[in-house]
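# Observations on chain architecture
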Amino acid sequence: RARSRGCSVMMAQHIADAARAARDKLRTDALAPSFEWLQQSTGASPTDFEDYARWLSLKVALKDFHATLLSPPRSVDHIWHAHLLDTYAYEEACAALGVPRDVRIIHHDPRGGNDPISRAARQQRALAHCKQAFGEPPLGNWGDDRPKAPAAP
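Residues numbered from 1 in each chain as written. Predicted model: local features only at pLDDT ≥ 70, side-chain atom pairs only at ≥ 80, totals over all residues. Heavy atoms only, no water.

What follows covers the overall build of the protein chain. The number of helices and strands found in the protein chain is six helices and zero strands. Sequence-ordered secondary structure for the protein chain, helices as α and strands as β, is α-α-α-α-α-α. Per-residue burial over the protein chain gives 39% buried out of 153 residues. Intrachain contacts of the protein chain at a sequence separation of at least 6 include 70% that bridge at least 24 residues. With the model as given, the accessible surface of the protein chain reaches about 8,900 Å², and the carbon-plus-sulfur share is 56%. (Helix = DSSP H or I, 4+ residues; strand = E, 2+ residues; numbered from the N terminus. Buried < 20%, exposed > 50% of the residue type's maximum accessible area, 1.4 Å probe, protein only. Contact = heavy atoms within 4.5 Å. Areas by Shrake-Rupley, 256 points an atom, 1.4 Å probe, with all protein chains shown as cover.)

Here's what the structure looks like:
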């Protein structure tokens, strides 16, 4: 059991290291103009934009290129949708992150929100990996974003 736990810890550390390395790849001068435009065009706060960069990095670190493991919080999803529409800049960012050539981009599944329970599980997984790799998300906005029932009076 201890050996299994040790392997899990090593794997989590490997994923965290890969996510931080991928995040550093986004901080290049070549990507700066398209990222500045994306942040301005979406009106994203610096914190939300950093969350977006972290989320993309986690997708690459976990090899979640086909939208099956992680879902973003709404603030990050808004930025991602805008980035997807700028296909050249999006593909350039994915290449810089290390998305394999045969995959080309981190794919988006617009039906991913059809099952709110599965989406919530993917969001919780993203939150756990974000905390492991980067510490607490700046605004703590990476949890389950399903609408909450009003509190009973």
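Okay, back to it.
On to the environment of Asp109. Within the secondary structure, Asp109 sits in the loop between helix H5 (87–97) and helix H6 (116–134). Take Asp109: its relative accessible area is 31%, and that puts it in the partly exposed class. Between the C-alpha atom of Asp109 and that of Ala67, which follows or precedes it by 42 residues, the distance is 6.1 Å. Within the structure, Asp109 has its side chain in polar contact with the backbone nitrogen of Arg111 (distance 2.9 Å). (Polar contact = N/O pair within 3.5 Å; in protein donor to acceptor, adjacent residues only side chain to side chain.)

Evaluation of the coordinates by the stated rule reveals seven salt bridges. Two residues, Glu50 and Arg27, come together in a salt bridge whose shortest N-O distance is 3.4 Å. With Glu50 in helix H3 (residues 46–61) and Arg27 in the loop between helix H1 (2–25) and helix H2 (32–42), the pair connects residues that are 23 residues apart, well separated along the chain. Several salt bridges share partner residues, and in doing so they unite Arg23, Arg27, Glu50 and Arg54 into one network. (Salt bridge = Lys/Arg side-chain N within 4 Å of Asp/Glu carboxyl O.)

Turning our attention to the packing of helix H4 (residues 74–85) against H5. The N-to-C vectors of H4 and H5 enclose an angle of 110°; their axes lie 5 Å apart at closest approach. As judged from the angle between their axes, H4 and H5 are roughly perpendicular. On the side of H4, the interface is formed by Trp80, His83, Leu84 and Leu85, while H5 contributes Thr87, Ala89, Tyr90 and Ala93. Classifying every residue of the contact of H4 with H5 by side-chain character gives six nonpolar, two polar and no charged. (Axes fitted to C-alpha atoms, helices over the stretch in contact; angles between N-to-C directions. Parallel < 35°, antiparallel > 145°, perpendicular 65-115°, else oblique. Nonpolar A, V, L, I, M, F, W, Y, C, P; charged D, E, K, R; others polar.)

Before going further, it helps to examine the packing of aromatic side chains. Tallied over the entire structure, the rule returns three aromatic pairs. Centre to centre, the rings of Phe35 and Phe49 are 5.6 Å apart; their planes meet at 85°, and the pair counts as edge-to-face. Separated by 14 residues along the polypeptide, Phe35 in helix H2 and Phe49 in helix H3 bring together distant segments of the chain. On the accessibility criterion, Phe35 (9% relative accessible area) is buried. Both rings, one in Phe49 and one in Tyr52, keep their centres 6.1 Å apart while their planes meet at 50°; by these two values the pair is tilted. Within this pair, Phe49 and its partner Tyr52 are both found in helix H3, separated by three residues, close to a single helical turn. For the residue pair Phe49 and Tyr52, the accessibility class agrees, reading buried in each case. Site record: aromatic cluster; members linked through ring pairs are Phe35, Phe49 and Tyr52. (Phe/Tyr/Trp six-rings, centres within 6.5 Å; stacked < 30°, edge-to-face > 60°.)

What is shown is where atoms sit, not what they do.
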